[in-house]
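# Tertiary structure, described
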Amino acid sequence: MTVHVFDTMGTVASLHTAEPLSHVDLAAVEAIFVRYDRTYSLYDAASDLSRVASGDVRLSETSSEIRDTYALALDWRQKTDGLFTPHRPDDVVDLSGVVKALAIDEAGTLLSGSTDDWLLTVGGDILGSRGVDSVDWSVGVVDPDDRGRLIGIAGLGSARRALATSGIAERGEHIWSRNGRSHYVQATVAADDIVTADVLATAIIAGTPDDLDRISSQWDVDVLTVDRDGAMRGTPGAAEWTRRCAAAATERASTPSV
Amino acid sequence: MTSTLGTRSAPRLPHAPAPSLQVAAKSRRRDHRRRSAAVDGLSILVWVSGALAVALYLASPGAHILGSVSSVVTALGIVAGLLATDLVLVMIVLAARVPLVDRVFGTDRAIAVHRSLGKPVLYLILVHGLLITIGYGLADSKNPVGETISLFTTLDDMPLAYLSLALFIAVVVTSLVAVRRRMPYEAWHVIHLLSYIAVAVALPHQLSVGSVLASGTWQRVYWIALYVVALGAIAVFRFAMPAVVTFRHRIRVIDVEQIAPGVVSIHLAGQDLTRLGVRGGQYGVWRFWTANTWWHAHPVSFSSVPDENRARITVRDLGAGSRRLSRIRPGAFVSLEGPYGLFTAKARTAPYLALIASGIGITPIRSLLEDSPLRAHEATILLRGSDPDQRYLWNEVAGIARATKSDVFAMIGPRASHGDAWQSAEDWNRGVTLESTFPHLLQSDIYVCGPQAWTDLVVRDARLAGVPEHQIHQERFTS
Amino acid sequence: MRKRATAGGIVASAAILALGWHLGADQVAATTVPATGTAAGGAATPSASSGATPSSTASPSATATPTTGTGTTKSSGKAAISGTFQGTTEQTQFGPMQVEIVVAAGKITDVKALQLTNQGGRSVEISNYAAPILRTEALNAQSASIQSVSGATYTSGGYISSLQSAIDKAGL
């Protein structure tokens, strides 16, 4: 297995592939992220979106790609009843909630053209693909109280391809829910596409337990949440992750340390 | 159909009818008791269906774990919804003109029951929606408006449920007498047909929201079966069977004869018409397939008993629809639903027969008379008309009366000014009453047909005179 | 309305309602399993656990809290407790939900959300309910054979010391 690591979007991307990729393919993948960063990063004053935020350019005058992305974000805002929104409290349009996922998604499409077995992780958002004869990738879900430990192990590649985790400690920012402080400190969502997983993970953090129920019933996703008291809730699929974790822990405990 | 003449061997005693009349009456009473039992059975079936609807909920575990106010409110809402839908399906079966129902109860009475259920059912549906919204809202800590929005946007089948509610409201409101009177019949009818859509679009949310009818439960199977039965009854008895009848008998108009101002007899030709089994006094729902009459179906009595190839109906123009009938050209194709009605000799239970008709009400009376095997002086007939122009078909009635040795009385003239009597002013002043007209009134089956208000007055007098309810027969037409 | 029909209708209806109630009560009773051994209050705290349990673990604050008894926590000494315990049933929008915990030798080994009313898995709605999961000892990530990890996003600077970097290095 080969691992390729590169900086992008203020974080680090890790690409695991079964077979090594050509330099051309790797360069193309990195280029996708560069393009998205240049267009949407609010940390880069020269990006298109920063210029919209500063008032130099109107959103209606931007490229159709930016407007489509904005429309997508609005669509998700409507679908999540406002829990996910591209509008910051200071009225700046912040598309970072979907941009990372869109970049990963586009990179994934490119990768699938070259190889069947790949796993792309960008700052905790993961998209993977597994060939017909291969075993799913194993992805761990961290324990929000101890970053060195896992509370679940999920399989990605065949049934579910995307996994995203949202937490209140994300980059030190706090996601404030509509009802005050977040009920959940961490939410992990597995879906068939990374945008859905990412958006819903954000939405769950911003919502209440009733919102979680609604979201898990409305979308075909697996969800694992941890609330302020450390209690966990999970859909049947996510419960499987914790069982796998517990089994591995038991196995580990019973194996004499080498 | 000719009647057999009885012999006059036994003297006519004022209080004891002739033995032959008694025997006939006895067998009719037996039939009546059987019909009565059947009606009771059907009524109990309606009760049972309602109880079953509620029992569906009681048999689900949720009914036994009511902890909070919100769950009790929701539970009441669920029960209201189940009961409301069950009654809607009952209403549909009542409107389906099921032959069994017609034979024992009468289609016209079934329609009357159908109409009486409309408003209560709508209230139940509204209560259902309201209580569930409040109940869910209490559980979700949302106000009713917020909860409605949540329900509307979260659950896939809820928009359809709200549509169903809106359609039901439209149907019931337009069926209120005050509103219906102001609408053309066709408009009312089209809106009423929306009730089928209302019923259909309500089903998805019943099957997907909540746990009583969840998949895998016997409740779900029963519920779907209920829908199949109700809608199946419509499909079979309102569409399939009439289609068979129509195409089997190929009825067409051969003549439209004006017999009085505003009154026409439509002569019909067809094949094998005796197979229809029309009894004198019955009616059919007729649809004349011409460009400006095809969308309006009319309930009209047969004004004579059909023979193999000929039938006749007589219509008075009472509105735009019936007026158009008088202009139908010969050759027009006719479709028929029916025959329906219990206004026949089969419904008799008493030894004597009192027939009283006013205006166009003479049509079923005339064919009833034709279809009855009468002994001498078994029947007495009173014909009422507000003016001499209203004497159509009287000659035919007189002819049959002569042949059967029945007595006919005529009453012509405007009503008494106080308006509270069925008699003409002249006869009112003369002191004419039901008792004075009909000998053996209390041992007679009295058949009344005419304008609704007039019929009501006759029936009132009959009841006051002490005629038992099952001996009073009236034809109620408004469909 | 005829008296005979009304009377018959009322009698038949009462019988049906009673039968329905009975059926429902039976179904509820059938899912309540009597506990073997003494009911240990059923509060879902792991009784005895090995040392490295994160201290913030507490009882799951789920919408259906398992409390067959009065909720008093017993100490880990009662190794004899085994059995299946039913929690109280909570009404949710989709029907009644109940939690069942399985205790073996004093340790809670499983927490299940029982769905009393739906056996058919009719739609995503009920079958995808996020039920409480018992917090067990978290797995040390170093000992898991995983290719990636999902948690809060890290900055480029934070990556170096992150778990992901360790995993990536291991794969190279």
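Note that the structure is a prediction, hence the values are computed from the model and not measured.

Procedures and definitions
- Residues numbered from 1 in each chain as written.
- Chains lettered and ligands numbered in written order.
- Predicted model: local features only at pLDDT ≥ 70, side-chain atom pairs only at ≥ 80, totals over all residues.
- Helix = DSSP H or I, 4+ residues; strand = E, 2+ residues; numbered from the N terminus.
- Buried ≥ 20, exposed ≤ 12 C-beta atoms within 10 Å, placed from the backbone.
- Contact = placed C-beta atoms within 7 Å.
- Axes fitted to C-alpha atoms, helices over the stretch in contact; angles between N-to-C directions.
- Parallel < 35°, antiparallel > 145°, perpendicular 65-115°, else oblique.
- Left-handed = near helix turned anticlockwise from the far one by under 90°.
- Nonpolar A, V, L, I, M, F, W, Y, C, P; charged D, E, K, R; others polar.
- Pairing = 2+ DSSP bridges.
- Core = buried A, V, L, I, M, F, W, Y, C linked by C-beta atoms within 7 Å.
- Domains from an automatic or database assignment.
- Expected span 1.5 Å × (residues − 1).
- pLDDT = per-residue confidence, 0-100.
- Bend = angle between axes of the 7 residues up to and from the residue.
- Right-handed = clockwise from strand over helix to strand, strands pointing away.

## Brief notes about the overall build of chain B
Tallying secondary structure elements over chain B gives 15 helices and eleven strands in all. Looking at the 479 residues of chain B, the share that counts as buried comes to 42%.

## Observations regarding the overall build of chain C
Regarding its fold elements, chain C presents four helices and six strands. Secondary structure elements of chain C occur, N-terminal to C-terminal, as α-β-β-β-α-β-β-β-α-α. Across the 172 residues of chain C, 39% fall into the buried class. When contacts within chain C are restricted to residue pairs at least 6 apart in sequence, long-range pairs at least 24 apart make up 53% of them.

## With respect to the packing of helix H11 (residues 362–370) of chain B against helix H12 (residues 394–404) of chain B
All names here are of chain B. Put simply, H11 and H12 touch, their axes get as near as 10 Å, and they point 25 degrees apart. Here H11 lies roughly parallel to H12, going by the angle between them. For the pair H11 and H12, the crossing hand works out as left-handed. Mapping the contact onto sequence places Ile362, Arg366, Leu369 and Glu370 in H11 and Glu396, Val397 and Ile400 in H12. For the contact of H11 with H12, the per-class residue count stands at four nonpolar, no polar and three charged.

## A few points about the sheet that holds strand S3 (residues 283–288) of chain B
All names here are of chain B. Here we have six strands laid out as an open sheet, ordered S4-S3-S6-S1-S2-S5, and antiparallel in their pairing. Of all strands in the sheet, those bounded by a partner on one side alone are strand S4 (298–301) and strand S5 (310–316). Neighbour-to-neighbour, the strand axes of this sheet turn through a mean angle of 40 degrees, independent of strand direction. Of the strands in this sheet, strand S1 (251–260) and strand S6 (333–340) touch helix H9 (residues 218–249), which is tilted by about 125 degrees from S6.

## Focus: the nonpolar core
Counting 85 residues, the largest nonpolar core has A:Leu120, A:Val189, A:Ala197, A:Leu200 and A:Ile204 as the members making the most contacts within it. Counting residues per element, this core draws most heavily on helix H5 (residues 194–205) of chain A, which supplies nine residues. Shared between two domains, this core holds at least three residues of each, these being domain 2 (34–138) and domain 3 (139–172) of chain C. If we ignore the near neighbours within four places in the chain, the residues touching A:Val189 are A:Ala164, A:Ala197, A:Leu200, A:Ala201, A:Val221 and A:Val223. Grouped together as the second largest cluster of nonpolar side chains are 60 residues, B:Val305, B:Leu325, B:Ile360 and B:Ile381 included.

## Remarks on the packing of helix H6 (residues 158–175) of chain B against helix H8 (residues 185–208) of chain B
Residue and element names in this part refer to chain B. Viewed as axis vectors pointing N to C, H6 and H8 meet at an angle of 150 degrees, and their least axial separation amounts to 8 Å. One finds that H6 runs roughly antiparallel with respect to H8. For the crossing formed where H6 meets H8, the hand is left-handed. On H8, the residues touching Met158, Leu160, Ala161, Leu163, Ser164, Leu167, Phe168, Ala170, Val171, Thr174 and Ser175 of H6 are Trp188, Ile191, His192, Leu194, Ser195, Ile197, Ala198, Val201, Ala202, Pro204 and His205. Residue composition of the contact of H6 with H8, by class: 16 nonpolar, six polar and no charged.

## Observations concerning helix H4 (residues 96–114) of chain A
Residue and element names in this part refer to chain A. Taking 1.5 Å as the rise per residue, H4 with 19 residues should run 27 Å; its terminal C-alpha atoms sit 28 Å apart, in good agreement. Among the residues making up H4, those that are buried are Gly97, Val98, Val99, Lys100, Ala101, Leu102, Ala103, Ile104, Asp105, Ala107, Gly108 and Leu111. Tucked into the core, H4 has its buried residues touching helix H1 (23–40), helix H3 (64–79), strand S3 (118–122), strand S4 (125–129) and H5.

## Overview of the environment of B:Ile360
Residues and elements named next belong to chain B. Relative to the helices and strands, isoleucine 360 is located in the loop between strand S7 (352–358) and H11. According to the C-beta neighbour criterion, isoleucine 360 is buried, with 26 such atoms within 10 Å. Separated by 89 residues in sequence, isoleucine 360 and cysteine 449 have C-alpha atoms that sit 8.2 Å apart. Among all residues touching isoleucine 360, those that are not within four sequence positions of it are Val263 and Arg316.

## Digging into the pairing of strand S2 (residues 263–269) of chain B
All names here are of chain B. Judged by how many residues are buried, S2 sits mostly within the fold: five of seven residues are covered. Relative to S2, S1 runs antiparallel, the two being bridged by seven bridges. Note on S2: the bridge partner recorded for glutamate 257 is serine 265. Hairpin connection, S1 to S2: the antiparallel pair is bridged by two residues, and glycine 262 has positive phi, about 80 degrees.

## Section: the confidence of the model for chain B
Of all residues in chain B, 95% have pLDDT values of 70 or greater, and the mean over the chain is 87. Taken element by element, the predicted model of chain B shows its lowest mean pLDDT in helix H10 (residues 320–325) of chain B (79) and its highest in strand S10 (residues 444–449) of chain B (95).

## Here we look at the sheet that holds strand S11 (residues 472–474) of chain B
Residues and elements named next belong to chain B. If you walk across this open sheet you meet the five strands as S9-S8-S7-S10-S11, and the pairing is parallel. A single partner strand is all that each edge strand has here, and the edge strands are strand S9 (407–412) and S11. Across the sheet, the axes of successive neighbouring strands diverge by a mean angle of 15 degrees, strand direction being ignored. Here S10 runs beside S11; their pairing, made up of three bridges, is parallel. Residue tyrosine 447 lies in a different strand from S11, and its bridge partner there is histidine 473. Against the sheet, H11 contacts S7, strand S8 (379–385) and S10, and its axis sits at roughly 150 degrees relative to S7. Across the sheet, H12 lies against S8 and S9, angled at about 165 degrees from S8, the strand it touches most.

## Concerning H9(B)
All names here are of chain B. Helix length check: H9, at 32 residues, gives a terminal C-alpha distance of 44 Å against a target of 46 Å (1.5 Å per residue), a fit within 8%. Residue valine 236 marks the point of greatest curvature in H9, where the axis turns by about 30 degrees. Along H9, the residues that are buried comprise Gln219, Trp223, Ala230, Phe237, Pro242 and His249. Remark: arginine 250 follows H9 within two positions and exhibits a positive phi of approximately 45 degrees.

## A look at unusual backbone geometry
Residues and elements named next belong to chain B. With an omega dihedral of 0 degrees, the bond running from glycine 338 to proline 339 counts as a cis peptide bond. Within the secondary structure layout, proline 339 lies in strand S6. The phi dihedral of arginine 97 falls on the positive side, at around 55 degrees, and the residue is not glycine. With respect to the helices, strands and loops of the structure, arginine 97 is situated in the loop between helix H2 (69–95) and helix H3 (99–104). We classify arginine 97 as buried; it has 21 C-beta atoms within 10 Å.

## As for the pairing of S8(B)
Residues and elements named next belong to chain B. With seven of its seven residues buried, S8 lies for the most part within the structure. Neither face of S8 is left uncovered, since the one carrying Ala379, Ile381, Leu383 and Gly385 and the one carrying Thr380, Leu382 and Arg384 both have all their residues buried. Note that S7 and S8 share six bridges and pair parallel. The partner of leucine 355 across the bridge, within S8, is isoleucine 381. Crossover connection from S7 via H11 to parallel S8: handedness right-handed. Bridge count between S8 and S9: six bridges; the pairing is parallel. Across the sheet, threonine 380 pairs through a bridge with aspartate 407, a residue of S9. Taken together, S8, H12 and S9 form a β-α-β motif whose crossover is right-handed.

## As for the confidence of the model for chain C
Residue and element names in this part refer to chain C. Taken over all residues, the pLDDT of chain C has a mean of 61, while the share at 70 or more is 39%. Confidence drops under pLDDT 50 across residues 33–79; counting only partners more than four residues distant or on other chains, this segment forms 103 contacts. Residue range residues 116–126 is modelled with pLDDT below 50. Its contacts to residues more than four positions away, or to other chains, number 30 contacts. Across the interface, the model reports ipTM at 0.82; the global pTM reads 0.59.

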